[in-house]
Amino acid sequence: MELPLLHLALVGTPNSGKTSLFNALTGSRQKVANYPGVTVERKEGFFVTPQGRQVSVVDLPGTYSLRGRSPDEEITRDFVLGKATGETVPDLVLCVADSTNLRLTIRLLLELKRTGRPMVLVLNMFDIASRRGISVDVARLAKELGVPVVTSIAVRKGGTADLLALTDEISAKLAAELQQENNWRALSVAELRATQREADRIIGDCVSLPARPDTWTARIDAVVLHPVGGLVVLALILFVMFQAVFAWAQPLMDLLNNGFDALGEFVHATLPTGLVQSFLQNGVISGVGSVIVFLPQIIIIFLFILLLEDFGYMARAAFLMDRIMGGAGLHGRAFIPLLSSFACAIPGIMATRVIDNKRDRLTTILIAPLMTCSARIPVYTLIISAFIPAKDVWGFINLQGLVMFGLYATGIASALAVSFLIKFFMLRDFAPAPFMLELPDYKMPQLKSIAIGVYTRAKMFLHRAGTTIFSMMVLIWFLASFPQPPAGATEPAIDFSLAAIIGKALEPLLAPVGFNWQIAVALIPGMAAREVAVAALGTVYAIEGGKEAAEQIGSVLATKWSLATALSMLAWYIFAPQCASTLAVIRRETGSWGWMAATFGYMLVLAYAASLLTYNVAVAMGAG
Amino acid sequence: MTDTHDTRRELPLGLARRGYTGIIQHLSAKDAGSALSDIELESRLIELGFVEGARVEVLHEGLVGRDPIAVRVDNITIAVRRREAMAIIVA
Ligand SMILES: Nc1nc2c(ncn2[C@@H]2O[C@H](COP(=O)(O)OP(=O)(O)OP(=O)(O)O)[C@@H](O)[C@H]2O)c(=O)[nH]1
Ligand SMILES: [Mg+2]
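Residues numbered from 1 in each chain as written. Chains lettered and ligands numbered in written order. Predicted model: local features only at pLDDT ≥ 70, side-chain atom pairs only at ≥ 80, totals over all residues. Heavy atoms only, no water.

Asks: I'd like a description of helix H12 (residues 295-311) of chain A, backed by residues and values.
Replies: All names here are of chain A. In this model, H12 (17 residues) spans 24 Å end to end at C-alpha, consistent with the 24 Å of a helix rising 1.5 Å per residue. Counting buried positions along H12 yields 13 of 17 residues, so the element is predominantly enclosed. Phi turns positive, to about 110°, at Gly312, one or two residues after H12. (Helix = DSSP H or I, 4+ residues; strand = E, 2+ residues; numbered from the N terminus. Expected span 1.5 Å × (residues − 1). Buried < 20%, exposed > 50% of the residue type's maximum accessible area, 1.4 Å probe, protein only.)

Asks: Explain the packing of aromatic side chains to me, and be specific about the residues and the numbers.
Replies: Residue and element names in this part refer to chain A. Following the criterion strictly, the structure yields ten aromatic pairs over all chains and no others. For the ring pair Trp248 and Phe304, a centre distance of 6.0 Å and an interplane angle of 35° mean the geometry is tilted. In this pair, Trp248 sits in the loop between helix H9 (229-247) and helix H10 (250-270) while Phe304 sits in helix H12, placing the two residues 56 residues apart along the sequence. Aromatic pair Phe311 and Tyr442: ring centres 4.6 Å apart, planes at 25°, arrangement stacked. With a gap of 131 residues between them, Phe311 in helix H12 and Tyr442 in the loop between strand E11 (436-438) and helix H19 (447-481) connect regions that are remote in the sequence. Given the relative accessible area of 25%, Phe311 is considered partly exposed. An aromatic cluster is defined as three or more aromatic residues linked by ring pairs; in this entry it consists of Phe279, Trp477, Phe478 and Phe482. (Phe/Tyr/Trp six-rings, centres within 6.5 Å; stacked < 30°, edge-to-face > 60°.)

Asks: I'd love a proper account of the interface of chain A and chain B, names of residues and values included.
Replies: With 40 residues of chain A at the interface, the matching set in chain B holds 38 residues. Counting the surface lost from both chain A and chain B, the interface buries some 3500 Å², and carbon and sulfur atoms represent 58% of this. Inspection of the region where chain A meets chain B yields ten salt bridges. With a shortest N-O distance of 2.8 Å, Arg193 of chain A and Glu42 of chain B are connected by a salt bridge. Applying the counting criterion to the chain A and chain B interface returns 15 residue pairs in polar contact (both at pLDDT 80 or more). Those elements that provide at least two residues to the side of chain A that touches chain B are helix H3 (103-113), helix H7 (189-206), helix H8 (215-224), helix H13 (313-327) and E11 of chain A. The leading source of residues in the side of chain A that touches chain B is H7 of chain A, at six residues. Across three bridges, E11 of chain A lies against strand E5 (residues 76-80) of chain B in antiparallel orientation. Along E5 of chain B, the bridge assignment pairs Met436 of chain A with Val80 of chain B. (Contact = heavy atoms within 4.5 Å. Buried area = accessible area lost by both parts, 1.4 Å probe. Salt bridge = Lys/Arg side-chain N within 4 Å of Asp/Glu carboxyl O. Polar contact = N/O pair within 3.5 Å; in protein donor to acceptor, adjacent residues only side chain to side chain. Pairing = 2+ DSSP bridges.)

Asks: Outline the coordination of the magnesium ion (ligand 2), supporting the account with residue identities and numerical values.
Replies: Residue and element names in this part refer to chain A. The coordination sphere of the magnesium ion (ligand 2) contains the protein donors Thr19 (OG1) and Thr39 (OG1), at a distance range of 1.9 Å. Remark: Thr39 occurs in the loop between helix H1 (18-26) and strand E2 (43-48) and Thr19 occurs in helix H1; sequence separation between them is 20 residues. Thr39 shares its class with Thr19; the two are buried. (Donors = N, O, S within 2.8 Å, 3.2 Å for Na, K, Ca; no water.)

Asks: Explain the packing of helix H17 (residues 376-387) of chain A against helix H24 (residues 563-575) of chain A to me, and be specific about the residues and the numbers.
Replies: All names here are of chain A. Relative to each other, H17 and H24 sit at 160°, their axes nearing to 10 Å. When the interaxial angle is binned, H17 and H24 end up roughly antiparallel. Where H17 crosses over H24, the handedness of that crossing is left-handed. Facing H17, whose interface residues are Arg376, Val379, Tyr380, Ile383, Ile384 and Phe387, H24 presents Leu563, Ala566, Met569, Leu570, Tyr573 and Ile574. Its residues assigned to classes, the contact of H17 with H24 shows eleven nonpolar, no polar and one charged. (Axes fitted to C-alpha atoms, helices over the stretch in contact; angles between N-to-C directions. Parallel < 35°, antiparallel > 145°, perpendicular 65-115°, else oblique. Left-handed = near helix turned anticlockwise from the far one by under 90°. Nonpolar A, V, L, I, M, F, W, Y, C, P; charged D, E, K, R; others polar.)

Asks: Can you tell me about the site of ligand 1, naming the residues and giving the values?
Replies: Residue and element names in this part refer to chain A. The local shell around ligand 1 holds 26 residues, among which Lys18, Thr19, Ser20, Val38 and Thr39 are the closest. Lys18 places a side-chain nitrogen or oxygen 2.6 Å from an oxygen atom of ligand 1. In this structure, an oxygen atom belonging to ligand 1 sits 2.7 Å away from a side-chain N or O atom of Ser20. Burial of ligand 1 by the protein amounts to 98% of the accessible area it has alone, namely 660 Å². Elements with a contribution of two residues or more to the shell around ligand 1: H1 and helix H4 (126-131). If you tally residues by element for the shell around ligand 1, the top one is H1, at three residues. Considering only residue class, the shell around ligand 1 consists of eleven nonpolar, eleven polar and four charged. (Near = heavy atom within 4 Å. Areas by Shrake-Rupley, 256 points an atom, 1.4 Å probe, with all protein chains shown as cover.)

Asks: Help me get a handle on the sheet that holds strand E3 (residues 54-59) of chain A, residues and values and all.
Replies: Residue and element names in this part refer to chain A. Read from one edge to the other, the open sheet built from six strands follows the order E2-E3-E1-E4-E5-E7, with strand pairing classed as mixed. Each edge of the sheet is formed by a strand with only one pairing partner; in this case those strands are E2 and strand E7 (149-151). Averaged over neighbouring strand pairs, the angle between their axes works out to 25° when direction is ignored. Two elements, strand E1 (residues 6-12) and strand E4 (residues 92-98), share five bridges in a ladder whose sense is parallel. If you follow Ala9 over to E4, its bridge partner there is Val93.

Functional significance is not addressed by these values, which are geometric in nature.
Shown next as structure tokens:
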């Protein structure tokens, strides 16, 4: 007889290794990082136990209690209590603990017991606990708590063997066991205190803590959390990151560039002149290729972010930035979502779920798209490499890297300014939100999870190049190629195309900020994703360039645009809401079309104003 | 004659400087002036391990107004703003 699917749920304090365990059990690749509040969604996966039982396991956001103070904690509460609509209650709750830090988890477990769900305590990160000389009397702990206890090392091969064996053992008994009643209700302060006392007593009886704490964390923190030194280190890390994006990626990018050039020439030489040749050469290679060239930069920026996340630096950065962001009216927990937005605003906006206060969360969502996401890198790099000389200033700083750093800094500064204005005008009467964040011990970054992380991002980038960008390219190529010029026309063929008609219709609107019709027409498909604009410019200029094998888009721009136009374009991209997916996520997370429209509106106004200012100042200074 | 340990002056953790070590005496949320309600603040502090009898040490301070602070509570480190730490009375 086929046994029914066994439902497991992973519950525990933040950063205890639930997602690592989920990945180990199911072979998934969900995001793991060394700071509290990584998981903000419910994720289901499946595996088969050694004895052949089919199991569904759900990874949940970490929480310190079932009170559900923020949207992510509500997800966990509703799932455990079976309140989520259309969900079955879990057959077995795996309460996952960080073995080096049992106090908070044991208290949570005592609270969870009231739900009446069968439960197991998983002592995860047992490798770290052993290394520090922490010893746990597992049998006694199980007896005191009245639930089975098992140790695990989620990040090591075979580290979940005991847990799998125990799952088999328990699942055989589960059906027979009487379902207990759910007696859970939110604990009063007195009950909470009593539970923590009880937890501390049990730990005192079953766990022996050594006299050697983690000295490495203390030593690193002495530098990294130093009031002044810490901020210097933070600035240095960011600075090195942007320099690296330029300096390290260049050789690889040149290689890719030359590859695409050769490919374009090959297509040009082998295929007969006509629509097919033009489509492949101008649409696919000049368009999509011009975006793929940026893959090395994307990889480098993600490598940095992933290393910092896995090492445990993020929570420290939040600590350092807390007051500075508080001055702009931001919640202390807003830092990590905003930092994630450097990769992409979408996960950043999702990560705001850890913010308990509704209005603080909303402010953070509204400004997250101003952080410089990785999709802006192609646009910035293209323009910077074409217009900013690659010379060193003060002997060691690459000027291009410096401009890039400046663009990031402007993004951050304007995000803070917008937040300040929102607080000042709309939420004035509002007391500063609290900030309480666990600072986890540093961990050696897991090579495997970094590799998987970088690989996943690279794959996503290429996937987008193959889907969104490719389809936009087809559209742009079509618009720029049809209708074909009448026989005997002397002007360039593109002047007769739909693209030129649309672009020229929009030109008057954008002429004050120095944009020509080619830019105007590139900005429209650029709504799908920011880097599409690069591809669109690549295609439009390639078609306009005519028969010659396509030049690199950068050198084309250098001859067609004035410096003022280039700078204006950079200013535009700091602010412009050129990303449909971000707007969709804002709508979903705020549950309102109105907030989505507000974000779109304010960003568009800022973009136009910034470009207008930049262009006119640049022209006045002789860069027109 | 009382023991010298008993004569240590009670103070809110929110006023403690870097390097301070002490034992939590009690929680008093209503004087803290936090944006959170008294019950909510007290619950959260307990949930992070700030209960009577726990050992605390102020490990780090921020730059602006020496705020926030990083506090060692038994064997974990928590970052809190001084405003919330005012609710934790130590000695
Ligand atoms: N050495 C060691 N590290 C672990 C183990 N389990 C998890 N980690 C690390 O602990 C950190 C946190 O792991 P996650 O799986 O993201 O924790 P989580 O419980 O899902 O965290 P939230 O989603 O924020 O609640 C990561 O840096 C992991 O690499 C383990 O058994 N041993
Ligand atoms: Mg997780």
